[in-house]
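Below are the chains, spelled out letter by letter.
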Amino acid sequence: MEPAQALYRMLLAHPLQASGVIVAAAALTMLLLHWLVRELNAGSRNWQRRLRARLGVPPGRAIGELRWMLLVFHLVLWPLVAWAVFHVWGMHETGRSLTHALFSTGVQVGGVHIVPGKLLLGLVYFLVLFTFTRWLKSRIEHDWLPRAGVEASTRESIATLFG
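All values reported here derive from a predicted model rather than from experimental measurement.

Trainee: Please give an account of the packing of helix α4 (residues 64-88) against helix α6 (residues 116-147) that cites residues and values.
Mentor: Where α4 meets α6, the closest approach of the two axes is 10 Å, and the angle between their N-to-C directions is 160 degrees. Compared by their axis directions, α4 and α6 come out roughly antiparallel. In this structure, the crossing between α4 and α6 has a hand that is left-handed. The segment α4 lies against α6, with G64, E65, W68, M69, L71, V72, L75 and V76 engaging L120, L123, V124, F126, L127, F130, T131 and R134.

Trainee: Explain the packing of aromatic side chains residue by residue, including any values.
Mentor: Pairs of aromatic rings are described using the distance from one ring centre to the other and the angle between the two planes. Taken as a whole, this structure holds one aromatic pair when the rule is applied. Ring centres 5.7 Å apart and planes at 25 degrees place the aromatic pair F126 and F130 in the stacked group. Residue F126 and its partner F130 are both found in helix α6; the two are separated by four residues, about one turn of the helix. For F126, a relative accessible area of 40% translates into the label partly exposed. Since its relative accessible area comes to 41%, F130 is described here as partly exposed.

Trainee: Account for the pattern of salt bridges, with residues named and values stated.
Mentor: Here the structure, examined in full by the defined rule, presents one salt bridge. Measuring nitrogen to oxygen at the nearest pair gives 2.7 Å for the salt bridge that ties E39 to R45. In this structure E39 comes out as buried when scored by relative accessible area, which is 18%.

Trainee: Residues and numbers for a nonpolar patch on the surface, please.
Mentor: Taken together, W68, L71, L75, F126 and F130 make up a surface patch of nonpolar side chains, about 450 Å² in accessible area. It is α4 that contributes the most residues to the nonpolar patch, three residues altogether. Residue position: L71 is located in helix α4. Classification of L71 as partly exposed rests on a relative accessible area of 37%.

Trainee: Which residues make up the packing of helix α2 (residues 15-42) against helix α3 (residues 46-55), and what are the values?
Mentor: At a minimum axis separation of 8 Å, α2 and α3 run at an interaxial angle of 75 degrees. Comparing their axes, α3 and α2 come out roughly perpendicular. Packed against α2, whose contacting residues are L36, E39, L40 and N41, the element α3 presents W47, Q48, L51 and R52 at the interface. Each residue belonging to the contact of α2 with α3 can be placed in one class, and the counts come to four nonpolar, two polar and two charged.

Trainee: I'd love a proper account of the environment of P3, names of residues and values included.
Mentor: Mapped onto the elements of the fold, P3 is located in helix α1 (residues 3-13). Judged by its relative accessible area of 68%, P3 falls in the exposed class. Sequence separation of P3 and V150 is 147 residues, and the distance between their C-alpha atoms is 61 Å.

Trainee: A description of the nonpolar core should follow, citing residues and the corresponding values.
Mentor: Residues I22, L66, L77 and V81 are the most contacted members of the largest nonpolar core, which totals 14 residues. When residues of this core are traced back to their parent elements, those giving at least two are α2 and α4. Sequence-distant contacts of I22, defined by excluding residues within four places in its chain, comprise V81, A84, V85 and V88.

About the thresholds
Residues numbered from 1 in each chain as written. Predicted model: local features only at pLDDT ≥ 70, side-chain atom pairs only at ≥ 80, totals over all residues. Heavy atoms only, no water. Axes fitted to C-alpha atoms, helices over the stretch in contact; angles between N-to-C directions. Helix = DSSP H or I, 4+ residues; strand = E, 2+ residues; numbered from the N terminus. Parallel < 35°, antiparallel > 145°, perpendicular 65-115°, else oblique. Left-handed = near helix turned anticlockwise from the far one by under 90°. Contact = heavy atoms within 4.5 Å. Phe/Tyr/Trp six-rings, centres within 6.5 Å; stacked < 30°, edge-to-face > 60°. Buried < 20%, exposed > 50% of the residue type's maximum accessible area, 1.4 Å probe, protein only. Salt bridge = Lys/Arg side-chain N within 4 Å of Asp/Glu carboxyl O. Patch = residues over 30% accessible without salt bridge, like charges linked within 9 Å, V, L, I, M, F, W, Y side chains within 5 Å. Areas by Shrake-Rupley, 256 points an atom, 1.4 Å probe, with all protein chains shown as cover. Nonpolar A, V, L, I, M, F, W, Y, C, P; charged D, E, K, R; others polar. Core = buried A, V, L, I, M, F, W, Y, C linked by side-chain atoms within 4.5 Å.

See the structure below:
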């Protein structure tokens, strides 16, 4: 028997402990991500400073996209944790219907139909486009236009057009 199958069978045999392991692993993951975001915003190590410079983030300023990324991780991770806990307790259909309702069907609140999965996808698109625009502006202003011999004021004007 594979080690992964043995672990899976052991977790199913002890649902209370398995639930604790799942929730603890998710909480630990989020704690590590929050720590990483704090460290990246501080920019105290060389690799962090290089990454910040590459993203065009000046020293002492927080990387705004990291807050959005944490929100996306929370919105993805905790429904998956709920699904996994339902699965461990043998409530396969309940977990499936909850996941389907949250990510596909949505819920009706008053006269408004809310589909969290689509909201999450929109948030991910926003994060990706916002980060790409910031990177493109930095590239244009600091790499491409100086090589073309464009004056500083013209560089700033063109870079402003991109974000």
